[in-house]
Every structure is written in C-alpha cells, then in structure tokens.
Amino acid sequence: MIYFFLCIAFLLSASTATADNAYRFDNLMLEKEAKVSCISFGHNGSLWLGLDGMGLARRESKDSKIVYYSRLLGTLPSDIVLCTYRDSKGRQWFGSFGDGPFWFERGKFWKLEIKGLPPEALSYISGISEDAKGDMWLATTMEGLFEIHQDGSWANFNKENSALETNTLTDLLTLNRRILYIATGWGLYQIDTDSGRITPLRDKEGTAFLQGSFVRTLFLSAGGDLWIGTRNGIFIYQTDKATVHHLTTQNGLADNTVIALAQDSLGNMWAVSPKSLSIIDKDYKIKAFNESSIGQQEFHVRAAACAPDGTMYFGTSKGLLMATPAGTEATDDSFLWVVLLLSLLISVLILAYYLHTKRRPTLPTVRKSEDESATAPMTETKIQSADEVFIEIVRKLITDNMGNADYSVEDLSADMGMTRGNLYKRIQAVTGQSPFELMRKLKIARGRLLLEQQSGNISEIAWSVGLSPKQFSKYFKEEYGVLPSEFVKRR
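Residues numbered from 1 in each chain as written. Predicted model: local features only at pLDDT ≥ 70, side-chain atom pairs only at ≥ 80, totals over all residues. Heavy atoms only, no water.

(A) Molecular detail of the confidence of the model for the chain. For the chain, mean pLDDT is 82; residues scoring 70 or higher make up 83% of the total. Put simply, strand E1 (residues 16-17) is where the chain has its lowest mean pLDDT, 38, and strand E21 (residues 233-238) is where it has its highest, 97. Contacts of residues 328-337 to residues separated by more than four positions or lying in other chains number eight contacts, the stretch itself having pLDDT below 50. Residue range residues 358-384 is modelled with pLDDT below 50. Its contacts to residues more than four positions away, or to other chains, number 44 contacts. (pLDDT = per-residue confidence, 0-100. Helix = DSSP H or I, 4+ residues; strand = E, 2+ residues; numbered from the N terminus. Contact = heavy atoms within 4.5 Å.)

As structure tokens, then:
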C-alpha cells in the first residue's frame, strides 16, 4: 500500500502540463532503469514491455504489480527483446536479438522451433506479422524474410531469390492481412501473401519513391494510410490512391530521423525521434516537443503505443514516458494547485513514516503462480555469449556498409535498434573502444588487406572503405606506424 502511494506521489509531482498542447507528460521508472524497446497492450488491457537487455515486464492492470521475466530467472530464452506482436489466436509474440522468436500462451513462454530450419536463421528478429491464412511472417536483420506455415513448412525470401535488394529488414506490417509491407535498410517493399510476389512500393506515377532509403518504422493509421518513418522525415502513403505526402522539419517536425510512430485516441499521430516528439493532426499540422517540455529523454526504436484509456506510452532508456490528454485539467489552475499540494502532503507523510520505521521500500518482486510460472518448454542448447553475438552483428553491419562514406554511428545505432548512448556503452564495455574507433579500425584493416591484395591504388582503396585518401593515410599511419605509400613500397 505504501509503495502504491509512493508511485502516485511521484507521478503527480513529476507531471507537467501546458495549455497550448493539452498533454501532461509523466515519467515512469522501472526496476533498475530498464530500457523499454517495445510496447504492447493485450485485449484485457494488460501491458507488455520488451526490455533491451533485461527481458520482459508485464502488468495486468494499472493497479497490479509489474512482473519481470528474464533469462537469468530461467523464464525467457533471451533478455534482448526488440519487437512484439499479438496474433489472431491471442498469442503474444516477441522477437529477440540473438535467440529468435518466442510467444506467451497459457501462462508459459514457447520458443519457435521449425524442423529443417537452422535455429541461427531466425536468431535476429526485427519484425513479426500474420496473414489471413494464419501463417506467421518474420523479418530478420541478416537472413531476409521468412514465412512460417501452420503445418510447419517454411519459405525464405532474400536478395538472392526475390526483388529484395538487402537481407537487412527493419519492420513488418500487414494491410488487411493480405498485403505485407517490408521495411528495409534499402527501401520499402510489399508482398502479396497469396502469390508470394515481392515488389518495391510505388506511388501512383509508378515511382519506387523510397528506393535506396533507410526505412526505420511503419504504422497503419485508423484511416488506412501507411505512415513511414525514415531518416528523411515521414512519408504518408495513401493505400487506396497510392499518393504520397512528405513531412520534414520544414513542416514542423522536431527531427527528420523518425524511429517510432503511433496514433492516439484522438486521431493524432505521434512521431518519435531519438530525443524529441512530434504530434501531427489530421490536417498535418505539427506540434514539436523537445527537452523544454518533455525533459531529457532518449527514446527507443519502435517503442510507442496507445493504451486503451488513451494514454500514450513511449519507451526510453530509463523506462517510460507517458503523455495523457489533459483536457480541462491543463487550464484549471486551482485544480493544479490542489494536485500539487496533495502530492506534497502525501510525500511528507510517506517520508515521515519511513523515517519513523527505518524501513526502505522494496522493488517489485517477480510474482510466480501455478498458471503463470512462465517456464518455457525449450530444448537444451549451447548458450552463446551475448557479447560475442552483439559484436558479430556490429562488425557485419559496419563491413556491409563500408563503402558508404555517409554511414555513421547514428546509422549503426539505428540498424542495431539501439540509442546512440546505449550502443556506445555496450561497445565500450565489450571492446574498450568507442563505436567510431571500432568503425575506423575495421575500415583501416580492410584497407590494409586490399593493399596486400593489390586491389587498386591507394585512393581507390580509400574510397572503397568509406574514407577519403587523406583520412585513410592519417588513420593508417596511426594504426600501423607507416603511410600507405610506404607500406606498399615495403611489400
């Protein structure tokens, strides 16, 4: 009971309201400041939170305790959960980074295992969806798109056997459970789930308007429009007319890099950027929220959703940011003063209570019951080092994009589905290097190999690894003690 009142006092005292936007923003901290990477609400109002590195959190209702599941506790196959999807059978699916897909049903977690399909093929899941036949579709960051049939058979679509130009997929979304939209690091595609034919998404003029672009996130509005988040703002594709509307910072967006999209109960669209929010009404009028109105935030890729009560939830590096339509509360000064006074009084009473009893509040504990033991029927497998898996993917992404001089640390963090800050901490902890240093070392090592193989002159090799000849010479000498020209002469 005391913990409940403490949470109420915190939320009330942390609330801010402004009359011009009519939204109140609240921060909700989770255990150990968990990073929220995906959000989903069940039909009964239950809340599921994917946590980047800490498994899952579940809350049955606003009055319930938060229950945590993790690999450490023996209840999950993976602690890095990046996406979620609720299918037509009521199963809550989760996509992990390194240990594939799994789902929650009848109080247990079940890991997907397909006969004849190597487990590593589905290790890195970036999106989950379902078609009208009940087949599941899985996007991966390395192996393209998979269709898992109900009879256990499967099909794989990749750049070798389809129109896809990359195997790096970033999101999935279905229209009427027949047309599947596929977001990739090199454009946006659609597949007719009946025929299995993949084509680039085209506008009414027949132009593949996002070809070559990095598409980060997709959302289908209540009106049937496809909202597309990219590094160049938002594209709104009217699915019935094939017309396209483009929004950028010139139209009022807080940031052109859009990493999550969601629609609220009032019909407004919310665009999430790494450190800011934008709200867009039906006339495409935009209101931006930055640090002055929402505080210092670090948002996570695709972690945005609207609760049944109309509250917007956004995943951050420290928990959740919630936006609540304030209505008349936002302009009623007397009400605000009453709320503030009550919250202050509750805080004082709670502080006095704890000083008197010399007890400390405990963190929410894991609730275990017979129907929710969450013990998965998983086969025993060799546990691969999470750090090894992480660095393997980082190196592959850097190598695959080495020829792109514009590929930056921001691009790498987006491809990894992480904030720049979290990516920096993780790479630094594993390698002792910053992301920039790691990228530079891999480029120089690749350049040295090409020099040894006599694969071109110094300038050609420099450009091929994404560096100018001047940068290549400078970093090469720092790494190996000689200029590239001297290295070539010695060999």
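Still more ground to cover, so stick around.
(B) How the structure looks around the pattern of salt bridges. Here the structure, examined in full by the defined rule, presents 17 salt bridges. Note that aspartate 87 and arginine 91 form a salt bridge whose closest N and O atoms lie 2.7 Å from each other. Residue arginine 91 is classed as buried on the basis of its relative accessible area of 12%. A salt bridge links lysine 474 to glutamate 478, with the shortest nitrogen-to-oxygen separation between them at 2.9 Å. Pair noted here: lysine 474 and glutamate 478 are both in helix H9 (residues 469-480), with a separation of four residues, about one helical turn. By relative accessible area, which is 47% here, glutamate 478 ends up partly exposed. When salt bridges with common partners are traced through the structure, they connect Arg231, Asp411 and Asp415 into a single cluster. (Salt bridge = Lys/Arg side-chain N within 4 Å of Asp/Glu carboxyl O. Buried < 20%, exposed > 50% of the residue type's maximum accessible area, 1.4 Å probe, protein only.)

(C) The arrangement of the environment of lysine 474 in detail. Assessed through its relative accessible area of 46%, lysine 474 is described here as partly exposed. Looking at lysine 474, its side chain comes within polar contact range of the side chain of glutamate 478, at 2.9 Å. (Polar contact = N/O pair within 3.5 Å; in protein donor to acceptor, adjacent residues only side chain to side chain.)

(D) Main features of the sheet that holds strand E15 (residues 169-175). Across the sheet, four strands lie side by side as E15-E16-E17-E18; this open sheet has antiparallel pairing. Across the chains shown, the open sheet's two edge strands, defined by having one partner strand only, are E15 and strand E18 (197-200). On average, each strand axis in the sheet is tilted by 25° relative to the strand beside it, whichever way the strands run. Pairing geometry for strand E17 (residues 187-192) and E18, over four bridges, is antiparallel. Within E18, the residue paired with aspartate 192 across the bridge is arginine 197. (Pairing = 2+ DSSP bridges. Axes fitted to C-alpha atoms, helices over the stretch in contact; angles between N-to-C directions.)

(E) Quick look at the sheet that holds strand E4 (residues 47-51). Read from one edge of the open sheet, four strands run E3-E4-E5-E6, paired in antiparallel fashion. The sheet is open, and its two edges are formed by strand E3 (36-41) and strand E6 (67-69), each paired on a single side. Neighbour to neighbour, the strand axes of the sheet diverge by 20° on average, direction disregarded. Note that E4 and strand E5 (residues 55-59) share five bridges and pair antiparallel. Within E5, the residue paired with leucine 49 across the bridge is alanine 57.

(F) Main features of the nonpolar core. Of all hydrophobic cores here, the largest spans 35 residues; its most connected members are Phe390, Val394, Ile398, Leu412, Met416, Leu423 and Phe472. Looking at this core, the elements that each hand over two or more residues are helix H4 (386-400), helix H5 (409-415), helix H6 (420-431), helix H7 (435-452), helix H8 (458-464) and H9. The element contributing the most residues to this core is H4, with seven residues. (Core = buried A, V, L, I, M, F, W, Y, C linked by side-chain atoms within 4.5 Å.)

(G) Here's a closer look at the packing of aromatic side chains. Counted according to the given criterion, the structure contains 26 aromatic pairs. Summarising the aromatic geometry, the rings of phenylalanine 476 and phenylalanine 487 are spaced 5.5 Å apart at their centres and angled 65° between planes, so their arrangement reads as edge-to-face. Of this pair, phenylalanine 476 sits in helix H9 while phenylalanine 487 sits in helix H10 (residues 484-490), and the two are 11 residues apart along the sequence. For the pair shown, phenylalanine 476 and phenylalanine 487 are each scored as buried. Among the aromatic residues, ring-to-ring pairing joins Tyr23, Phe25, Trp270, Phe289, Phe299 and Phe314 into one connected group. Above the plane of the ring of tryptophan 103 lies arginine 91, whose end atom (NZ or CZ) is 5.3 Å from the centre. The ring of phenylalanine 390 has arginine 426 sitting right over it, with the charged end atom 4.4 Å from the ring centre. (Phe/Tyr/Trp six-rings, centres within 6.5 Å; stacked < 30°, edge-to-face > 60°. Lys NZ or Arg CZ within 6 Å of the ring centre and 35° of its normal.)

(H) Highlighting H9. The terminal C-alpha atoms of H9 lie 16 Å apart, and with 12 residues this matches the ideal 16 Å at 1.5 Å per residue to within 8%. Along H9, the residues classified as buried are Phe472, Tyr475 and Phe476. For H9, the angular spread of buried residues about the axis comes to 110°, placing them on one side. Looking at the buried positions of H9, the neighbouring elements they touch are H7, H8 and H10. (Expected span 1.5 Å × (residues − 1). Arc of directions from axis to C-beta.)

(I) Representation of unusual backbone geometry within the structure. Look at arginine 106: it is not a glycine, yet its phi comes out positive at around 55°. Mapped onto the elements of the fold, arginine 106 is located in the loop between strand E9 (101-105) and strand E10 (108-111). Even without glycine at this site, arginine 177 takes up a positive phi of about 60°. Along the chain, arginine 177 falls in the loop between E15 and strand E16 (179-184).

(J) Up close: H7. The end-to-end C-alpha distance of H7, which contains 18 residues, comes to 26 Å, matching closely the 26 Å that a straight helix rising 1.5 Å per residue would cover. By the burial criterion, the buried members of H7 are Pro435, Leu438, Met439, Leu442, Lys443, Ile444, Gly447, Leu450 and Leu451. Residue glutamine 454 follows H7 closely and has a positive phi angle near 55°.

(K) Examining the side chain of serine 123 more closely. In this fold, serine 123 is placed in the loop between E10 and strand E11 (125-130). Polar contacts involving the side chain of serine 123 include one to the main-chain carbonyl oxygen of glutamate 120, which spans 3.1 Å. If we ignore the near neighbours within four places in the chain, the residues touching serine 123 are Ser96, Phe97, Gly98, Asp99 and Gly100.

(L) Highlighting the pairing of E15. For E15, the tally of buried residues reaches seven of seven residues, placing the bulk of the element in the interior. Direction of pairing for E15 relative to E16: antiparallel, over a ladder of six bridges. The residue bridging leucine 172 from the neighbouring strand is isoleucine 182, located in E16. Connecting E15 to the next strand, E16, in antiparallel fashion are three residues, including asparagine 176 with a positive phi near 55°.

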